[in-house]
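Fold and geometry: a report
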Amino acid sequence: MKKSLSIRFSNTIDPLISIFLSFPFMKGRFPKIPGGSAKMKNLNVAIKPLFLAVMFAGFALAGGCDQKSARASVEKYKYAVILSMQQGGSLLQLYDADGNFLDSKRLKASGVDENGSAYLNGPQYENGKWYIGVASDAKSQDFVLELDPETLNVKDVPANVGNRYQYTGYAVDGDHLYAFYSTPDRGAHIIKSSLSSGKMAKQTEIRHNILYHIIPNHGSLIFLSDSDDPQDPGMYLRIVDGDSLKIEKEFKNPDYLFPRDVLLIHDKLYMVPLLDASEMETNQLLIFDLKNENWETVRLPFQNARYLRLTDHKLYIFEENTDADHHTMAIMNLKTNEIEDTVTFDYEAKEVLIDKDTMVSGSDGKVYIYDLKTRKLKKAFAIKNADDWMFGSLLVRPE
């Protein structure tokens, strides 16, 4: 076996040596040897160690240059875009503050965030790491990605859901990951796992419910779900103990369904339902006061609200308009609950982030950066290879 491998290796290397000797800079380095191919074979044997040393040194130099280039890209990046498909993995792209492409990195996970599931609401930043959901329709993936923003090292955190089902949502709180999914026959399943050990700590289920969100709140959890019992329609908000996963309080809103995004601000929970009780699209923003335990509604200037973002004591509500090439942003005063302004953008937003005084939003082909005060576009840059992949997530490097 060793002799066979040696013959194959020689058959590969010897032609390369012949090519090496034919280079202009090698002419005259070795005298012409009489005696035909046998002597030439001896020459090949003589210079083979030299050739291999040069070849492997070149590989090492190229590898060192690649590593140095990758480190420089990690140090310089400001924005990151994750492109994804239902199969075939994902692509993490890095861009500098001016939108110049720096580098890319393949990720094994498919169906990242927006491309994966309607319930996944973008990467969650906790413990100095990004936690990114994956939910492919083509295969089960029983993990959440943990991405270090400083090194871009990626770790798979077990969700412990199993291979039979795909989780449809998740939340991270301290050292714990809460992953969940819902089935028509048994309702919502919630699995609590340790981030450090990857082991399951506890699980529970809520019968006849479709769970959409888990929101950590100082040791307790808030579950937002819809009833799938036709005799008991409506949205449920439950206060749950974070350790035991036992339900402590339960509140029902019979008038709305399918909360698409949710944001906890102090003692109030803001949410945008997609449908009313008649399963028609609604233009209402819901507010639940956790302290006084009552519901409020605010009328929005559009239906199909998708994202909620907070900055400077103002709530930014973003429309998702899949039937048009634009979307609208409404700005609400949190003290008065009044809509102060609306702005329309001439593209469909796939993700929206607030970064200090700028708004960063992504679409299928570009990333847009706006000044929040003037509402004017500061810059936009094209996403590389956007035609070959689907938009998954948008990241802004934390400072």
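This section reports on the structure supplied with the text. (Residues numbered from 1 in each chain as written. Predicted model: local features only at pLDDT ≥ 70, side-chain atom pairs only at ≥ 80, totals over all residues. Heavy atoms only, no water.)

Before going further, it helps to examine the environment of Lys-76. You can see Lys-76 is positioned in helix α2 (residues 36–76). In this structure, the C-alpha to C-alpha distance between Lys-76 and Asp-96, residues 20 residues apart in sequence, is 5.9 Å. Those residues in contact with Lys-76 that lie beyond four places of it in its chain are Asp-96, Leu-102 and Arg-397. (Helix = DSSP H or I, 4+ residues; strand = E, 2+ residues; numbered from the N terminus. Contact = heavy atoms within 4.5 Å.)

Let's shift gears to empty space enclosed by the protein. Following the criterion strictly, the structure yields one cavity of 30 Å³ or more and no others. Within this model, the largest cavity holds a volume of roughly 30 Å³. As for the largest cavity, its lining consists of Met-329, Phe-345, Met-359, Tyr-370, Asp-371, Leu-372 and Arg-375. Of the residues that constitute the lining of the largest cavity, the class distribution is five nonpolar, no polar and two charged. (1 Å grid on protein atoms, 1.4 Å probe; cavity = no way out; pocket = protein on both sides within 12 Å on 5 of 7 lines; lining within 4 Å. Points joined across faces, edges and corners; volume = space filled by probe spheres on them. Nonpolar A, V, L, I, M, F, W, Y, C, P; charged D, E, K, R; others polar.)

To continue, consider the sheet that holds strand β25 (residues 358–362). Whether parallel or antiparallel, the strands of a sheet pair through hydrogen bonds between backbone atoms. Sheet architecture is open: four strands sit in the order β24-β25-β26-β27, paired in antiparallel fashion. The sheet is open, and its two edges are formed by β24 (351–355) and β27 (377–382), each paired on a single side. For this sheet, the mean inter-axis angle between neighbouring strands, taken without regard to orientation, is 15°. Strand direction decides the pairing type here: β24 and β25, joined by five bridges, are antiparallel. Looking at the pairing, Leu-353 lines up with Val-360 of β25. (Pairing = 2+ DSSP bridges. Axes fitted to C-alpha atoms, helices over the stretch in contact; angles between N-to-C directions.)

What follows is about the nonpolar core. In this structure, Leu-92, Tyr-167 and Leu-177 are the most contacted members of the largest nonpolar core, which totals 30 residues. Where this core is concerned, the elements lending two or more residues are β1 (79–84), β2 (90–95), β5 (129–132), β6 (143–147), β8 (169–173) and β9 (176–183). The leading source of residues in this core is β6, at four residues. Core analysis: the next-biggest nonpolar cluster, separate from the first, contains 16 residues, Val-81, Leu-83, Ala-386 and Trp-389 among them. (Core = buried A, V, L, I, M, F, W, Y, C linked by side-chain atoms within 4.5 Å. Buried < 20%, exposed > 50% of the residue type's maximum accessible area, 1.4 Å probe, protein only.)

On to the packing of aromatic side chains, then. Scanning all chains against the criterion turns up twelve aromatic pairs. With a centroid separation of 6.2 Å and an interplanar angle of 50°, the aromatic rings of Phe-345 and Tyr-347 are classed as tilted. Phe-345 gets classed as buried once you look at its relative accessible area, which sits at 4%. Residue Tyr-347 is classed as buried on the basis of its relative accessible area, which comes to 4%. Members of the aromatic cluster, each reached through a chain of ring pairs, are Tyr-79, Tyr-95, Phe-101 and Phe-381. The side chain of Arg-260 reaches across the aromatic face of Phe-258, ending 6.0 Å from its centre. (Phe/Tyr/Trp six-rings, centres within 6.5 Å; stacked < 30°, edge-to-face > 60°. Lys NZ or Arg CZ within 6 Å of the ring centre and 35° of its normal.)

Looking now at the sheet that holds β5. The sheet built from four strands is open, its strands ordered β4-β5-β6-β7 with antiparallel pairing. Looking at the sheet topology across the chains shown, the edges are occupied by β4 (124–126) and β7 (154–158). Across the sheet, the axes of successive neighbouring strands diverge by a mean angle of 30°, strand direction being ignored. Relative to β7, β6 runs antiparallel, the two sharing five bridges. Directly across from Glu-146, in β7, lies its bridge partner Lys-155.

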